[in-house]
Structures are given as structure tokens and as C-alpha cells.
Amino acid sequence: MLSKLNILSGCFSLLILAGCGGGGGPGTGAPDVQKPAPENRLPTANAGMTATVMGGTVIELDGSGSVDADGDELTYDWTVEAAAAYFVAEDGSLTEPLESATGKLLIPASEAGNDIIVSLEVSDGIDTATDVVTYSVQVCADRQGYVFTDCIDPTWQGSMAWDVNFLDVTENFGYYGGDTGNHVRWSLVDVNDDQRGNVLDVTFNKENWNGSFRIVPSGRAIEPNTSVDLGIYEDGSLVFDIRVVNPADADIFVTAECIYPCEAIPRQVLTSKDGSWSTVSIPLAEFSMMNWSKTSVPFAIYPEWGAQTDVHLQVDNIRFESPSCVEADNVIFGDCLGPMWYTVAAVDDGTTNDLGNVYEYRSGNSDNHVQWSEQFSGSADRGDILSVKFTSDATNGHFYVRTETTETSNDMSAYLNGALVFDLNVQSYGSNTDGLIVRVDTWWDGETSDEILLENFPVGEWATVEIPVSDLLVGGGLDLSDVHAGFSIWPAGHDPGDQEGVEVLLDNIRWERQLSE
């Protein structure tokens, strides 16, 4: 039998061992027990919200909503799927790849109507996650000869700028981001004008810098020598609307470029000098040294070299017009004014000179009672149209197309057996209940045709109006061999307010030698 002492000793030894951790240390043969490493949790990618965007602009990419549940630092990798869009660096230049949480993306105007899918992959160093965002590019009508009206035409990629510091000759050869800190900055701006949607708003900001704003062809970001053949317009004109916001009397120049080093000699633009909009038309023949069949920059604009600081301008309705729209002598207006007619104008009872006499005005963008503009119809088949509004509740007036002076006129005798024809779309009758009047004048205060009353035309629909010339000669004193105003129109009625709110669209105004069958 074991002695009590041995038993007590054994128990004491066990107690010591238990108090020291059970004897599982090194050299005892017992394994270490370690907790397993925590499992890595996947990051979450967030490429931003789906949006509708405008072609020809640079948009913001924002992946900052991406997170990692473990708090690990994330890396970012953006890609564009199946579309020609380009990443833009902070300085406005193109960049590839984009590996930051946020960035910029150039949406080419040529993608109008398409979806651009952008993918963002984030990584925590172990696992990755992906999210996609879809940008739907607004439709922009593809109109032959057009560069910009409310949006950049899909023929062109978009806008960019070039600038140089004329003190140390620091040069930026080309940048696409209009909201960078560069000298030339631009954006699309809605001017809240019924006659205009978006316009191109351009500022020149730095001292000691020169630069220009320009439109470039689709594909320019990949191939700098990309060009568009505009040779069919070489006998036509470059036409655009411009408003110099600040300073209103700044000297502005326009040019174009063919594939480098080919470029046109710049032309100074005659602006209104009072901060209002004006329409500029420059024959392409005046841009000497230009090869229009290889146009790499169809439109570039800038203030006078050395005097650009703080100049602010806006441009709209940039387009090329061929002479084909003015070749026919019978045309008064069809995409543009016909060759036998000099101007569109208006008179009203409330517009008088210092002597109290009613006088003519030729600016359709004024605050006068009769307001008008040439604008794109939204249809490539119809092209440009005339929009005419009668605005005042206190006066009456009329709108017309005429020859150059009171001494000049057109002989329309050849149309004796024909008709005056035009397309009419009544947008609103306003306060008028009597219809519209059409007339032809020898001179506005002289002999006129009979007044033709037009009634009951549906609102918002195009209709072709044919007025036999024989009807114009009934009851009037019109001499067809001496026509000064080939077309006049106004809302019927004689009381102030009878014309308020009337708005019409006009197109294809012409004289035809024969009546339609």
C-alpha cells in the first residue's frame, strides 16, 4: 500500500502543475492552440448613379461610395465598355487608365442616343468587387452642316481648348475639360430664352495667357489628324450667333483649321458691342489658306491676342450654309433668305422715333412688339424656319421680308398666273380670335395687295398655304413689276391687344409660276 505521504506528495505535484497551466509548455509534447485568422470580407464597389448626359461634354465619375467592411484601403480601376468615351485628367488632358476614386469622362457628341457603360473594379488587396453605371446620351439631331444648336452635332466629338503663356511660353496643346483651372473655360448654359436652349458659354481667365475655344471632329481624341470634308460649303458661309457678355466691346476673332499645319487666316467678328445677341455670317472664301475638304477644326473663337483676360462670350447656332438654299429666284425663305430679298423686318404702332413717326426695326431679338428668329426646326428634312411672335397688349404691328432700300424692288410679273406659297405652323393664337393677314407690298406705306385672311388653322401642325396671285390683285393697288415686300404677315384685328401672344412658324416662303393641281 502507498503511504499517505506519497499520496499527499502526488496530489501536491498535481496542484502545482495545474497552477502552472497544466504542463503544456515547450518540451511537454502538448500542441499550441491558436485562433484561426478572420476571413477577409469582400469590398463593395459603387460606380455612382445612372444618369442622362449631354454628348460633347465632360462628366464627373464618382466611386467614393465604394467601401470595405474590414476598413482596408481600396484601389480603383475604371473601364469603359463598348463605347468611344475617354477619361480626362484634372488638367483637362486625356488619360488612361483612371485609377482613382473619382475622375472625369469625355462623352463624345457622336454617341448621341447611345448608352455608355462604365465599370468600376475595386480591390482591398485580396478580393475584388465590380459595379457598373450606365450613362444615356441625349439624342441630338444630326443635321447636315450644323456644328452646334442646343447640343453639339454628332458629326463632331466635342469641344476643347488650347492656350499658351506668352511670358514663359508655357503651352497646353489641347484640353477637353472645360471646368479646369486653365485659361479657357467653358460649359453648356441654359439662358432661359424661349428662342434658345443651351448655348456655349466661354470665358478667358488668366493674365498673360492667350488661347482659343474650338470644336473638333469625332475621333479627334484617338487620331489628332481626324478631319471632316466640308468642301460642299466652300462657296457658302459660316454662320453663328454671338453675344459678348464682358467686356461688350471686346474684339473677337474666328478661324478654322485643316490638318496641321494647315489653318485659315483668322477673321474679326463684327459683334453688337452692347451685350446683345447678333448673327454673324462669314463667306468661307474669306478664310484664305483653308482647305475645307480636310477640316480638323470647323470653328475656333478667341478674343484679341494679348487682351483676353476676363473676356466672357456666348455662341449659339453654329452652322455651315451652302449657297444651294439661295439659288432659286422665286424663294423668299427656305433654310435661309433668298437672293432677291435683303432682310426681314417689322414695324408696330408703339415703336416711334423722336418725331413720333413709326419706324422699322430689323432686330428680332429686341424688346419690341414683333420678335423673330431663324432657328432649327428639329427636322433635318425641314431645316431652318422662321419663328415670329407678337408680344404686346398695347400695340399692333406686322412682320415682312423686303428688298434692300425703298428705291429697290423685284419684278414678280412672271408669277401672275401662279401663287404665293408658304408653310405655316400656328404655335399660339394668344388673345387673337380673328385669324392672320397676309399681304404683298409695293412699299410699306404705298400700294399694297389685297389683304388675305387666314382662319382656323390647327395649333401645332404644319400646313401649306397657297394664295393665288390673282387674289392678291383683287381690291388692291399692287404692281407686280414693283414688289418691295414680297411677304407680310400679322394677326388680324385693329384694337390694342388683338395680337398679344400670337406665335407662328414659317418655312418655304416662295412664289410659284403655276397653281398646284
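Refer to the structure above for everything that follows.
Residues numbered from 1 in each chain as written. Predicted model: local features only at pLDDT ≥ 70, side-chain atom pairs only at ≥ 80, totals over all residues. Heavy atoms only, no water.

Draft legend 1. Molecular detail of unusual backbone geometry. Looking along the chain, the bond that leaves Glu96 and enters Pro97 is cis, with omega of -5°. Tracing the chain through its elements places Pro97 in the loop between strand 7 (94–95) and strand 8 (102–107). For the peptide bond that leads from Asn246 to Pro247, omega is -25°, which places it in the cis range. For Pro247, the position within the fold is in the loop between strand 17 (237–246) and strand 18 (252–258). Backbone geometry at Lys273 places phi at a positive 65°, although glycine is not the residue there. Within the secondary structure, Lys273 sits in the loop between strand 19 (267–269) and strand 20 (278–283). According to the relative accessible area criterion, Lys273 is partly exposed, its value standing at 35%. Here Asn508, not a glycine, exhibits a phi torsion of approximately 50°, which is positive. Relative to the assigned elements, Asn508 resides in strand 33 (residues 502–512). Overall, the relative accessible area of 29% leaves Asn508 in the partly exposed class. (Helix = DSSP H or I, 4+ residues; strand = E, 2+ residues; numbered from the N terminus. Buried < 20%, exposed > 50% of the residue type's maximum accessible area, 1.4 Å probe, protein only.)

Draft legend 2. Up close: the state of the cysteines. Taken as a whole and judged by the stated rule, the model has two disulfides. Disulfide pairing places Cys140 opposite Cys151 at an S-S distance of 2.0 Å. Here the S-S torsion is close to 90°, and the disulfide linking Cys140 with Cys151 is therefore right-handed. Placement of Cys140 in the loop between strand 10 (128–137) and strand 11 (146–148) and of Cys151 in the loop between strand 11 and strand 12 (156–165) is noted, with a sequence separation of eleven residues between them. For Cys140, a relative accessible area of 8% puts it in the buried group. Each disulfide pairs two cysteine sulfurs, and for Cys258 the partner residue is Cys262, the sulfurs being separated by 1.5 Å. Across the S-S bond linking Cys258 and Cys262, the dihedral sits near -55°, which makes this disulfide left-handed. (Disulfide = S-S within 2.5 Å.)

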